[in-house]
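The chain contents come next:
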Amino acid sequence: MPRSKLSQASVDAALDAIRTKKLSVRQAAATYSVPRSTPMDKMAGKYTVHTVLPAEEEKTLVKWMVVCARADEGKYREQLCLEVERILNAEGSETPFKDKPGYYWYKAFMERHKGEVRERKAMSLVEQRAQLSEGKIRGWLHTMRTSLMSNGINITEPPPPPPPPSPATSSIATRLVGR
């Protein structure tokens with residue numbers, strides 16, 4: 001059978017027919033136009049990449065990626081995988097990975113969240129500078145201000161004044177300045 005994009009619905013229908021014993025693997029593959037190895041692999045658990053984080057943590061990770069991207073600090077695949085590794089190590093969770101999630105986990109993650117995150121092509125620095133304008137800088141500053149304010153960091157008020165110097169410190173400062 002030539003390679004083509006399989007319909008998930010036809011694969012699911014073939015699996016359902018095999019599991020309910022309505023059709024054999026060969027018959028289901030022919031009926032639903034899927035390669036015979038596909039339902040066999042699915043039933044054996046081959047090539048499946050399971051999520052290692054709970055759904056709530058994955059949502060938080062997606063929000064983090066979106067905030068970073070809006071601040072023009074988009075994350076590379078390697079940075080995302082290292083962050084997931086850090087989260088798993090902090091929780092002490094058992095994982096199927098040797099050290100950190102790999103390429104297939106990343107592709108599955110991107111597929112699960114394709115409506116929320118996507119990969120972008122990096123531009124050269126010269127191209128980025130050519131596209132820079134005052135409006136873009138003001139927009140970036142507004143985005144940063146909004147992001148900081150939503151995280152409880154108020155940058156519109158001046159910081160509190162430093163405490164007055166102690167007498168010992170002021171005499172040292174006077175001696176140093178007086179020389």
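The rules behind each value
- Residues numbered from 1 in each chain as written.
- Predicted model: local features only at pLDDT ≥ 70, side-chain atom pairs only at ≥ 80, totals over all residues.
- Heavy atoms only, no water.
- Core = buried A, V, L, I, M, F, W, Y, C linked by side-chain atoms within 4.5 Å.
- Buried < 20%, exposed > 50% of the residue type's maximum accessible area, 1.4 Å probe, protein only.
- Helix = DSSP H or I, 4+ residues; strand = E, 2+ residues; numbered from the N terminus.
- Patch = residues over 30% accessible without salt bridge, like charges linked within 9 Å, V, L, I, M, F, W, Y side chains within 5 Å.
- Areas by Shrake-Rupley, 256 points an atom, 1.4 Å probe, with all protein chains shown as cover.
- Salt bridge = Lys/Arg side-chain N within 4 Å of Asp/Glu carboxyl O.
- pLDDT = per-residue confidence, 0-100.
- Contact = heavy atoms within 4.5 Å.
- Expected span 1.5 Å × (residues − 1).
- Arc of directions from axis to C-beta.

Right, let's get into the nonpolar core. For soluble globular proteins, nonpolar side chains are generally found buried alongside one another. Of all hydrophobic cores here, the largest spans 15 residues; its most connected members are Leu53, Leu61, Leu80, Val84, Trp105, Tyr106 and Phe109. Mapped by element, the contributors of at least two residues to this core are helix 4 (55–70), helix 5 (77–91) and helix 6 (103–112). The biggest single contributor to this core is helix 5, with five residues. With seven residues, the next largest nonpolar core counts Val11, Leu15, Ile18 and Val34 among its residues.

This part covers unusual backbone geometry. Despite not being glycine, Lys21 shows a phi value in the positive range, around 65°. Considering the arrangement of structural elements, one finds Lys21 in the loop between helix 1 (8–19) and helix 2 (25–32). The backbone of Ser33 sits at a positive phi, close to 55°, despite the residue not being glycine. With respect to the helices and strands, the residue Ser33 is situated in the loop between helix 2 and helix 3 (37–44).

Attention now goes to a nonpolar patch on the surface. A cluster of nonpolar side chains, contributed by Leu132, Ile137, Trp140 and Leu141, occupies part of the molecular surface with about 370 Å² of accessible area. Tracing the backbone shows Leu132 in the loop between helix 7 (125–130) and helix 8 (134–150).

What follows concerns the pattern of salt bridges. Opposite charge on two side chains allows them to pair when their charged atoms are near. Tallying each qualifying case throughout the model produces six salt bridges. Of the charged contacts in the structure, one is a salt bridge between Glu111 and Lys114, with a shortest N-O distance of 2.9 Å. The exposure class of Glu111 is partly exposed, given its relative accessible area of 49%. According to the relative accessible area criterion, Lys114 is exposed, its value standing at 57%.

What follows concerns the confidence of the model for the protein. Atomic detail in the predicted coordinates should be set aside for any region of low pLDDT. In the predicted model, the protein carries a mean pLDDT of 80, and 81% of its residues have values of at least 70. Looking across the protein, the model is least confident in helix 9 (residues 167–178), with a mean pLDDT of 49, and most confident in helix 2, with 92. Note that residues 172–179 has pLDDT below 50 and, in this model, zero contacts with residues that lie over four places away or in other chains.

This paragraph deals with helix 1. Taking 1.5 Å per residue, twelve residues should reach 16 Å; helix 1 reaches 16 Å between its end C-alpha atoms and fits that length. Listed as buried for helix 1 are Ser10, Val11, Ala14, Leu15, Ala17 and Ile18. Axial view of helix 1: buried residues confined to an arc of 160°, hence all on one face. Exposed residues lying more than 90 degrees from the buried face of helix 1 are Ala9 and Arg19. Packing partners of the buried residues in helix 1 comprise helix 2 and helix 3. Among the residues trailing helix 1, Lys21 stands out with phi positive, at a value near 65°.

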